Amino acid sequence: MSNLPKRKPNRLKGYDYSQDEAYFITICAKDKKCRFGRIEFDSVGADIIRPLLSKTGVIAKQGIENIAQIYSNVIVEDFVIM
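Residues numbered from 1 in each chain as written. Predicted model: local features only at pLDDT ≥ 70, side-chain atom pairs only at ≥ 80, totals over all residues. Heavy atoms only, no water.

Here we come to unusual backbone geometry. Even without glycine at this site, D31 takes up a positive phi of about 60°. For D31, the position within the fold is in the segment before strand 1 (37-41). Taking the relative accessible area as the measure of exposure, D31 reaches 59% and is therefore exposed. Phi at K32 takes a positive value of approximately 55°, unusual for a residue other than glycine. By secondary structure assignment, the location of K32 is in the segment before strand 1. (Helix = DSSP H or I, 4+ residues; strand = E, 2+ residues; numbered from the N terminus. Buried < 20%, exposed > 50% of the residue type's maximum accessible area, 1.4 Å probe, protein only.)

Now the structure itself:
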């Protein structure tokens, strides 16, 4: 027997995912921990200067940017790593 948690299905039953459509994909880190990077603030702490990706965030960014090279029928128009 497997000790892995039982996951709920992540696809709509009966839906044809091969259709030309726009899809929004959300991936969350375990326990909602900040694994992909952090935000750098100004010296007062009021204004966001820029997001800083961690090593994991850089890997995620590179993976997203390379999707079209792996799947010729997929276009990533925009993405956000949070």
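This part covers the packing of aromatic side chains. Within the structure shown, the criterion is met by two aromatic pairs. Their ring planes at 75° and their centres at 4.8 Å tell us that Y15 and Y17 sit as a pair that is edge-to-face. Residue Y15 is classed as partly exposed on the basis of its relative accessible area of 34%. Grouping aromatic residues by their ring pairs yields a cluster made of Y15, Y17 and Y23. It is R11 that lies over the ring of Y17; its NZ or CZ is 4.7 Å from the centre. (Phe/Tyr/Trp six-rings, centres within 6.5 Å; stacked < 30°, edge-to-face > 60°. Lys NZ or Arg CZ within 6 Å of the ring centre and 35° of its normal.)

Residue position: N3 is located in the segment before strand 1. Residue N3 is classed as exposed on the basis of its relative accessible area of 79%. Separated by ten residues in sequence, N3 and K13 place their C-alpha atoms 26 Å apart.

Together, L12, Y15, Y17, Y23, I25 and I27 make up an exposed nonpolar region whose accessible area comes to about 660 Å². Position of I27 among the secondary structure elements: in the segment before strand 1. (Patch = residues over 30% accessible without salt bridge, like charges linked within 9 Å, V, L, I, M, F, W, Y side chains within 5 Å. Areas by Shrake-Rupley, 256 points an atom, 1.4 Å probe, with all protein chains shown as cover. Salt bridge = Lys/Arg side-chain N within 4 Å of Asp/Glu carboxyl O.)

It is worth spelling out the confidence of the model for the protein at this point. Per-residue pLDDT for the protein averages 85, and the proportion of residues at 70 or more is 96%. Looking over the protein, one finds the lowest element-wise mean pLDDT in strand 2 (residues 48-53), namely 81, and the highest in helix 1 (residues 55-65), namely 94. (pLDDT = per-residue confidence, 0-100.)

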